[in-house]
Structures are given as structure tokens and as C-alpha cells.
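# Examination of the molecular architecture
For reference, the chains in residue letters:
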2 protein chains.
Amino acid sequence: MNNFRVAFVQCKPTFGATDANLEKGLALAATVDAHLVVLPELWSTGYVFSSHAEVAQLAEDPSTGATAAALRYAAKREKRFYIAGFAEASRGRYYNSAMLVGPKGIVSVYRKLHLFEREQEWFRPGDRDLSVHKVGPARIGMIICYDWRFPETARVLALKGADVIAHPSNLVFANAQQAMLTRSIENRVYTITANRTGTEKRPGGTVPFTGRSQIVDAHGIPMARASKTAEIAMAADLDLDIARDKSLTKRTHLFRPRQPKFYRDLVR
Amino acid sequence: MNNFRVAFVQCKPTFGATDANLEKGLALAATVDAHLVVLPELWSTGYVFSSHAEVAQLAEDPSTGATAAALRYAAKREKRFYIAGFAEASRGRYYNSAMLVGPKGIVSVYRKLHLFEREQEWFRPGDRDLSVHKVGPARIGMIICYDWRFPETARVLALKGADVIAHPSNLVFANAQQAMLTRSIENRVYTITANRTGTEKRPGGTVPFTGRSQIVDAHGIPMARASKTAEIAMAADLDLDIARDKSLTKRTHLFRPRQPKFYRDLVR
């Protein structure tokens, strides 16, 4: 037993209300005991941007922004880690990103590799490697929302040694949560989907979100799952040893039979 | 509408009874009208080998073997295509293979890339590319049973243009059928899992199989699904245009946002 306790926060950010979103999300986070808390995609800004001016106004440089400041403060005070989605500004470029923050500050920023719908107007696709980070005893990777549909993302993280994949989301299709069970099964990793709820109705469009945030065990069984609409935090205890033992049986391994020379089309 | 009708046969081969297995499988196939019929893994021999001598005795060279002969005859008479699992002998080497056979004879043999449990004692891992074949208006790829757990297999076939992935199986874990829905969703392809039923009790072990063969549409919805135990053939009409249109929406494509330079770990 190699215990690691994780949680998600499922909430309903209000577009543009950064301070209120931070406050409400962290208040929900404070209701659960966990080593790592995962918050939704674009948690602090909301999702439906309407103009480049809005992006420029709301996106943050993680070294100076309000989201990073709030998370650094909470992580230090609570002696734990957070992963949360935010709109990233970096030298005049914008990304749909997630930050991993611990008691000592920002550990890493992941930039969403696969953009969905109008995100392609507002953000650049990610330009950094999928990477795995030590969080206490755990090895954590990040993907964001629509990345789920690309099996390459979770696979790369698992091959790099991730025990847990955090998945901040603003999901709109109902089949994503089910597909995440397969990501856990095929990679023998825990997955945490922190989705948002509610509908954003803005000049840029009306987008309803699917809730049903979940923590899935390394065999693909949901350990915790929220309803479609609740604003709630839920936690579960993970046994990291289960994710690290890639033996399906005594004789059959999950990764060793891989035959990379026949996968070359994946990188063309 | 670009119509293509496919079927699976779910049956219960008796170990070593090649002639009876061929006869029963083809009799079930004859109950359905389809352009392509998919039969289970190791359909003609049964699954639980006990010795290398048994493998040597039962495996077939596809150019001379009884399975190929029976399928060639059926395909020619019925003017349609078959995919079926068989134990392949090739120059003193043995493979867990599937053959695609049409009215003009054998089109292709796929050798299972990822072997499961004692298969590793009896067979060599596949040594040929995953490949896509024209079958009438359709483009067909093959994977076999445990290959399902490796998302690389279906992904490579989809990137090579497969509309339909045929999946002859002898499945023993209950989560495979569900995961195949994800293979359809992530790749926008039809999948046909032809699984076997029954339990094989032999000196080499006792193995219960899970049935529940299925045809899944390109959005991940089951179109036809057998029970755990029925010996049955089922068919469904596929619209190939749906699998060929990889637009999730007007703005979002399933494949174009892929970022292969960040997937390099998959081929290491």
C-alpha cells in the first residue's frame, strides 16, 4: 500500500469573474482532505471567450497572475498540491494551460496540445512535452479536456511513468467520461477528471457542460463520480503500487509486449 | 450513404476438431447476409494448446490449410469476404493469425502483435505491419483479441485509412467490449468484435470466454451485441461515409490537431 489521496473540485465558474471563481473553487477545495486537488479547465476565467481583447485582458502570466497567486497561497497554507486550468499569457502568446502548484510554488505548466472549437481562435496549441512530476510519493501527468480523445496523450504520460493523470476539463460531449475509463484500463493509471457544470451563455456562444467529474482507479473502475450539476469536491485514496505494477497476470505485461516498430505511423 | 453490410459469428469451437469447427462456423455465417463476415480468434483449432506438438499438429500454412480452403470455397460460392482467426504455420514458425479471404482467395494474413498468457509459449509475436485492405467499397484493418488493450493498433489502422476494424477474439476479461467503444470513438471507425463463447477445459488450463460479440458504429454506439453464451451470427449496415468524415464539428477535426512530435515516446 502506497497511499495517496486525491480530489477534484466540480464547480461553475462565471465568465470573467476571476476573483469570485478563485474564491469559490478554493472554498470547495477546502472541504476535502487530499494531497492533490484538481480543478477544471479555464477555471479562473470561464470558457466562452468572445474576442481576442477578452483573452488578452483575462489571460495571466503564471509568474504574476492572480490564479497562480491564489493557488500558491492555498498550497502553502494547506501543505498540499493543486492542478488547475487557466488562460496563460506568455510573451504576447496565449495558451489553454494547467498549472501544478505546491507549497514551494509553481512546479510546472502544461499547455493543452489539442484545441477544441473556438479555442483554436483564442489560443495556440501546446508547444511543450507531456511530462511527469513528483508530487509527494506520486508521479503526476496532466492533460486538458479534449486531449482525452487522443490516446497518445495518456499513453505518453504512462510510458513516462505517470501513476495519476489529472484531467482539468470543460467537457461538452457525454462520452468523454466513459472513454477515460479506457485510458485508465489501457495504461493502468488513475485518472482524475475535474469537469465544470452549468451553461455559459455569452456573445461567443452558448455552451452546456456535462459535469460528472470522476476519479477512476487503475483498473478503470470509477471510485468517485459527481452528478451532472452539483458544485462539489470529492476525494479518494489511491494505492500507487497498483498503478506501478504493469503485470496484467504473472505471464502477461501491459507494456512489455508493445512493438514500437509497428507504431511508426503515430509519429509521422 | 455508402453502404457496407458486416456480420460477426459468435461460436464455441471444440479444441482440435478443425473440420467440425469450420462446418459449424460457416453454417452460422450462412444465416446472415453481409459483405464481410468476421469469425473468432483461433476459430478452427480452439484456444487452449497444451504442448508444442499440438501447435505443430494443428497449425496451418494458409496456402494449403483446411481453414483457408474452407473460407476460399465459402467466399467464392457466396461472393463475399471472410476474416477468421487461425493458428498459422510458416516455415517452422507459428503465429496467432487472422486471414482475410475473398472470392479470389486470400487477400492478407495478419499476425497478432501482442500475445496473451500462454500464447507466448506457442506463438511468435507478429512480425508484419498493421495494414488496410480494400473489401468492396470498404477499407478494412485487422487486430486480434488482446491487441485491443494497445491503443496503438487501432490508431495506426485508422491513420492508414481503415473504415472498419475487424477484431477476431477469444476474450477473457469483461472490460474489453467496453474499451472497444472507445477505439471507435477516438478513431471514428466501425469495430467488429467476433468473440467466442463457452469454457475450454484442457490439460493446458481452463479458460472461460466472455461472448458479447459486437458491431460498434463509428461514434462508439453498439449496433448489434450478442449475449455471453449464444452461438449466433448478427449483421449490421455500416455507412462508410461516417467513418471517413473525421470532422467532429465544422471547426474541430479528429486527426488534424494531432501533434506527432510530442508522441515520440510511443515509438521508443
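For the structure itself, consult the block above.
Worth saying up front: this structure is predicted, and the values here are computed from it rather than measured.

Rules used throughout
Every chain's residues receive numbers from 1 upward, in the order its sequence appears when written. As they are written, the chains are lettered A onward and the ligands numbered 1 onward, keeping that order. Residues qualify for local features only when their pLDDT is at least 70, as the model is predicted, and side-chain atom pairs are given and counted only at 80 or more; totals for whole chains, interfaces and linings, by contrast, use all residues. Calculated side-chain values reflect all of the structure's heavy atoms, with hydrogen atoms and water omitted. Salt bridge, as applied in this entry: a Lys or Arg side-chain nitrogen positioned within 4 Å of an Asp or Glu carboxyl oxygen. Within this scheme, the nonpolar core is defined by two criteria: the residues are buried Ala, Val, Leu, Ile, Met, Phe, Trp, Tyr or Cys, and they are joined through side-chain atoms within 4.5 Å. Working definition: with a 1.4 Å probe on protein chains only, accessible area under 20% of the residue-type maximum means buried, over 50% means exposed, and in between means partly exposed. Throughout, a residue-residue contact means that at least one pair of heavy atoms, one from each residue, lies within 4.5 Å. In short, DSSP must find at least two bridges between two strands for them to pair. Numbering of helices and strands runs from the N terminus; a helix is a DSSP stretch of H or I covering at least four residues, while a strand is a stretch of E covering at least two. Inter-axis angles, ranging from 0 to 180 degrees, are taken between N-to-C directions of lines fitted to C-alpha atoms, where helices are fitted over the stretch in contact. Counting rule for disulfides: a pair of cysteine sulfur atoms within 2.5 Å. As used in this structure description, the phrase polar contact means that two N or O atoms lie within 3.5 Å; if the pair is within protein, one of them must be able to donate a hydrogen and the other to accept it, and residues adjacent in sequence are counted only when both atoms belong to side chains. Working definition: rings of Phe, Tyr and Trp (its six-membered ring) pair if their centres are within 6.5 Å, and the pair is stacked with planes under 30 degrees apart, edge-to-face with planes over 60 apart, and tilted otherwise. What sets the superposition is a least-squares fit of C-alpha atoms, and only residues with pLDDT of at least 70 in both copies go into it. Two helices crossing with the near one rotated counterclockwise from the far one by less than a right angle form a left-handed crossing, whereas a clockwise rotation gives a right-handed crossing. Each residue receives one of three labels: charged for Asp, Glu, Lys and Arg, nonpolar for Ala, Val, Leu, Ile, Met, Phe, Trp, Tyr, Cys and Pro, and polar for the others, Gly being one of them. When two parts are put together, the accessible area they lose, computed with a 1.4 Å probe and summed over both, is reported as buried area.

Right, let's get into the pattern of salt bridges. When their charged atoms lie close together, side chains carrying opposite charge are able to pair. Counting across every chain of the model gives 40 salt bridges over all chains. Across the pair R118 of chain B and E121 of chain B runs a salt bridge whose closest N-O atoms are separated by 2.8 Å. One network of salt bridges, with partners in common, ties together R183 and E186 of chain A together with R183 and E186 of chain B.

Among the nonpolar cores identified, the biggest contains 138 residues, and L36 of chain A together with L36 of chain B are the most heavily contacted of them. Excluding residues within four positions of it along the chain, L36 of chain A makes contact with F4, R5, V6, A7, F81, Y82, I83, L100, I140 and I192 of chain A.

Residues and elements named next belong to chain B. Across the sheet, six strands lie side by side as 6-7-8-9-12-13; this open sheet has mixed pairing. One side of each edge strand has no neighbouring strand; the edge strands of this open sheet are strand 6 (132–135) and strand 13 (222–225). Averaged over neighbouring strand pairs, the angle between their axes works out to 20 degrees when direction is ignored. Pairing geometry for strand 6 and strand 7 (residues 138–142), over four bridges, is antiparallel. When the sheet's bridge partners are listed, K134 is paired in strand 7 with R139.

Residue and element names in this part refer to chain A. One pass over the full model with this rule turns up zero disulfides over all chains. The thiol of C145 is not disulfide-bonded; the next cysteine sulfur, from C11, is found 14 Å away. Residue C145 is classed as buried on the basis of its relative accessible area, which comes to 6%.

A few words on the environment of S50 of chain A. All names here are of chain A. Within the secondary structure, S50 is located in the loop between strand 2 (36–38) and helix 2 (52–58). Overall, the relative accessible area of 22% leaves S50 in the partly exposed class. Not counting chain neighbours up to four residues away, the residues in contact with S50 comprise W122, R202, P203 and G204. Of note is the side chain of S50, whose polar atom sits 3.2 Å from the backbone nitrogen of G204.

Another aspect to go through is the packing of aromatic side chains. All names here are of chain B. In total, this model carries twelve aromatic pairs over all chains according to the counting rule given. Judged by centre distance (5.1 Å) and plane angle (85 degrees), the rings of F15 and F49 are edge-to-face. You can see F15 sitting in the loop between strand 1 (3–10) and helix 1 (18–29) and its partner F49 sitting in the loop between strand 2 (36–38) and helix 2 (52–58), a full 34 residues away along the chain. For the pair Y146 and F150, a centre-to-centre distance of 5.2 Å together with 85 degrees between the ring planes defines the contact as edge-to-face. Look at Y146 and you get buried, because its relative accessible area is 3%. Residue classification places F150 among the buried positions, given a relative accessible area of 0%.

In this section: the relation of the copies chain A and chain B. With an RMSD of 0.0 Å, chain A superimposes on chain B once it is rotated by 180 degrees and translated 0.0 Å along the axis. In symmetry terms, the pair is related by a two-fold rotation axis.

Before going further, it helps to examine the sheet that holds strand 7 (residues 138–142) of chain A. Residue and element names in this part refer to chain A. Taken in spatial order, the six strands make up an open sheet running 6-7-8-9-12-13, and their pairing is mixed. Taken across any chain shown, the strands that pair with only one partner, and hence form the sheet edges, are strand 6 (132–135) and strand 13 (222–225). This sheet shows a mean twist of 20 degrees between the axes of neighbouring strands, independent of strand direction. The pairing of strand 9 (residues 190–194) with strand 12 (residues 214–216) spans three bridges and is antiparallel. For I192, the partnering residue across the bridge sits in strand 12 and is I215. Across the sheet, helix 6 (residues 176–187) touches strand 8 (164–168), strand 9, strand 12 and strand 13, and the angle it forms with strand 12 is around 25 degrees.

A word on the environment of H167 of chain A. Residue and element names in this part refer to chain A. Mapping H167 onto the fold places it in strand 8. Among the residues examined, H167 registers a relative accessible area of 0% and is labelled buried. In this structure the C-alpha to C-alpha distance between H167 and G136, which are 31 residues apart in sequence, comes to 19 Å. Not counting residues within four places of it along the chain, the set of residues in contact with H167 comprises V38, I143, I144, C145, W148, M180, I192, T193 and A194.

To continue, consider the packing of helix 5 (residues 151–159) of chain A against helix 5 (residues 151–159) of chain B. Running from amino to carboxyl end, helix 5 of chain A crosses helix 5 of chain B at an angle of 145 degrees, the nearest separation of the two axes being 11 Å. Where helix 5 of chain A crosses over helix 5 of chain B, the two elements pack in a sense that is left-handed. Contact residues: helix 5 of chain A offers P151, E152 and R155 of chain A, while helix 5 of chain B offers P151, E152 and R155 of chain B. Here the residues of the contact of helix 5 of chain A with helix 5 of chain B sort into two nonpolar, no polar and four charged.

It is worth spelling out the interface of chain A and chain B at this point. Contacts between the two partners involve 50 residues from chain A and, on the opposite side, 50 residues from chain B. Of all residues in chain A, R251, F262 and L266 of chain A give up the largest surface area on contact with chain B, accounting jointly for 14% of the area buried on that side. On inspection of chain A and its partner chain B, the count reaches ten salt bridges. For the interface between chain A and chain B, the tally reads 25 residue pairs in polar contact (both at pLDDT 80 or more). Here the side of chain A that touches chain B takes six residues from helix 6 of chain A, the largest share from any one element. Across the side of chain A that touches chain B, the residue classes break down as 22 nonpolar, eleven polar and 17 charged.

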